[in-house]
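Report on the structure
Here is what each chain is made of, one letter per residue.
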Amino acid sequence: MKYPSNNEREKGDKNMSIQTVMVIGAGQMGAGIAQVCAQAGYNVKMNDREEEALQKGKAGIEKRLTKAVEKEKMTASDCDATMQRLSMTTNLAEANDCDLVIEAVVENMDVKKQVFTALDTHAPKHAILASNTSSLPITEIAAATNRPERVIGMHFMNPVPVMKLVEIIRGLQTSHETYQAIHDMTLKLAKTPVEVRDFPGFVSNRVLMPMINEAIYTVYEGVANPQAVDDVMKLGMNHPMGPLTLADFIGLDTCLSIMEVLHEGFGDSKYRPCPLLRQYVQAGWLGKKSGRGFYQYEG
């Protein structure tokens, strides 16, 4: 392998200087990513197809920042400066002056490919295109563009403003310069970057989701009720949150989608989604966001 010279590295780093970021998706993850990028000093455009979603995402950011000021974790002037660096748009074509675009839409390969194909047209040639996917192959997403060397996985944890980990996933053709630019940016976001190979579920969900799936099987088979399962894992294994409560917070539809990716990607029966998980999703019991999952929620 021929490694780039220092001059080549400097040229690549200069070309990949990140100043303006677009985040696609104003949901819980997208708004969180937009917030931490704006707090770190980047100019951020938060994009969503729906104006209502944008306003909801913006309101959530304002609420979190206001709480941080009240708790004296940031100053009022820093809060104002963060909000001034943040703008809203429903127009994907406004990616035309961005150095980095982070996609945080639904965990569906067809949808993500459509987004990346459009971004490949609108974003400047130097721009890096990153996906916040939690399980889908970066190499396949990159194939929907004409710049696979500038496509990378940037998997944030939920809630984004609190959790420190970012899994950085190289696709087959992701360049060293692209990886280094995202690695360095992750540090500027006050996060910890961890490099992961492009395998189904990466590390986080390859380990977490089978545990959640097995917890669901214990309920399905009548071994214990949801509260008992969660109590065992919290009190016996020192987990901060039980796996079924966590599943409700993640969204049971998302859990099912990730298990299906693992099952298809590895072809191993140990990743087969529990029938009860599939049934809950079919019933519309998606967890906290729908008001009912393994537990019931008000409001």
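Just so it is clear, the model here is predicted, and its values are computed rather than measured.

Observations regarding the UniProt feature "site: Important for catalytic activity" (unreviewed entry) in the protein chain
Taking the numbering used here, the UniProt-annotated feature "site: Important for catalytic activity" (unreviewed entry) corresponds to His-155. Here His-155 lies in strand β6 (residues 151-156). You can call His-155 buried: its relative accessible area is 6%. Once residues within four sequence positions are removed from consideration, His-155 is found in contact with Ser-131, Asn-132, Thr-133, Ser-134, Leu-165, Val-166, Glu-167, Ile-169, Phe-202, Ser-204 and Asn-205. At a separation of 2.8 Å, a polar atom in the side chain of His-155 contacts the side chain of Glu-167.

What to know about the sheet that holds strand β2 (residues 43-47)
Hydrogen bonding along the main chain pairs the strands of a sheet, whether they run parallel or antiparallel. Sheet architecture is open: 8 strands sit in the order β3-β2-β1-β4-β5-β6-β7-β8, paired in mixed fashion. Looking at which strands have only one partner, the edges of the open sheet turn out to be β3 (86-89) and β8 (192-196). When strand polarity is set aside, the average angle formed by the axes of neighbouring strands in this sheet is 25°. Here β2 runs beside β3; their pairing, made up of 4 bridges, is parallel. By the bridge assignment for β3, Lys-45 is matched with Ser-87. The sheet strands contacting helix α7 (residues 176-188) are β1 (20-24), β4 (100-103), β5 (128-131), β6, β7 (165-170) and β8, and the helix crosses β7 at an angle near 175°.

Topic: the packing of aromatic side chains
Taken as a whole and assessed by the stated rule, the structure comprises 4 aromatic pairs. Look at Tyr-217 and Tyr-220: their rings are 6.1 Å apart centre to centre, the planes differ by 70°, and that puts the pair in the edge-to-face class. With Tyr-217 and Tyr-220 both in helix α8 (residues 204-220), this residue pair falls 3 residues apart, about one helical turn. Classification of Tyr-217 by relative accessible area gives buried; the value is 11%. Residue Tyr-220 is classed as partly exposed on the basis of its relative accessible area of 44%. Between Tyr-280 and Trp-285 the ring centres are 5.1 Å apart and the planes differ by 75°, which places this aromatic pair in the edge-to-face class. Relative accessible area serves as the criterion here: at 29%, Trp-285 is assigned to the partly exposed category. Among the aromatic residues, those joined into a cluster by ring pairs are Tyr-280, Trp-285 and Phe-294. Just above the ring of Tyr-179 sits the side chain of Arg-170; from NZ or CZ to the centre is 4.2 Å. One Lys or Arg, Arg-292, reaches over the ring of Trp-285 and ends 3.7 Å from the middle of that ring.

Rules used throughout
Here, residues in each chain are numbered from 1, in the same order as that chain's written sequence. With pLDDT at 70 or above as the cut-off, local features in this predicted model cover only qualifying residues; side-chain atom pairs require 80 or more to be listed or tallied, and sums for whole chains, interfaces and linings still use all residues. The side-chain numbers reported here are obtained from all heavy atoms of the structure, hydrogens and water having been left aside. UniProt positions are given in the numbering used here, feature names are shortened, and annotations may be inferred rather than shown by experiment. In this description a helix means any DSSP run of H or I spanning at least four residues, a strand means any run of E spanning at least two, and both kinds are numbered starting from the N terminus. When a residue's accessible area, from a 1.4 Å probe over protein chains only, is under 20% of the maximum for its type it is buried; when over 50% it is exposed; and in between it is partly exposed. By definition, residues are in contact when any of their heavy atoms lie within 4.5 Å. The term polar contact refers here to a pair of N or O atoms within 3.5 Å; inside protein, the definition further demands a hydrogen-donor-capable atom paired with an acceptor-capable atom, and it admits residues adjacent in sequence only when both atoms are side-chain atoms. Paired strands, in this sense, are two strands between which DSSP finds at least two bridges. Note on geometry: axes are lines fitted to C-alpha atoms, helical ones only across the stretch in contact, with angles between N-to-C directions running from 0 to 180 degrees. Pairing of aromatic rings covers Phe, Tyr and the six-membered ring of Trp, with a centre-to-centre limit of 6.5 Å; geometry is then stacked below 30 degrees between planes, edge-to-face above 60, and tilted otherwise. Criterion for a charge above a ring: Arg CZ or Lys NZ at most 6 Å from the ring centre, at most 35 degrees from the ring normal.

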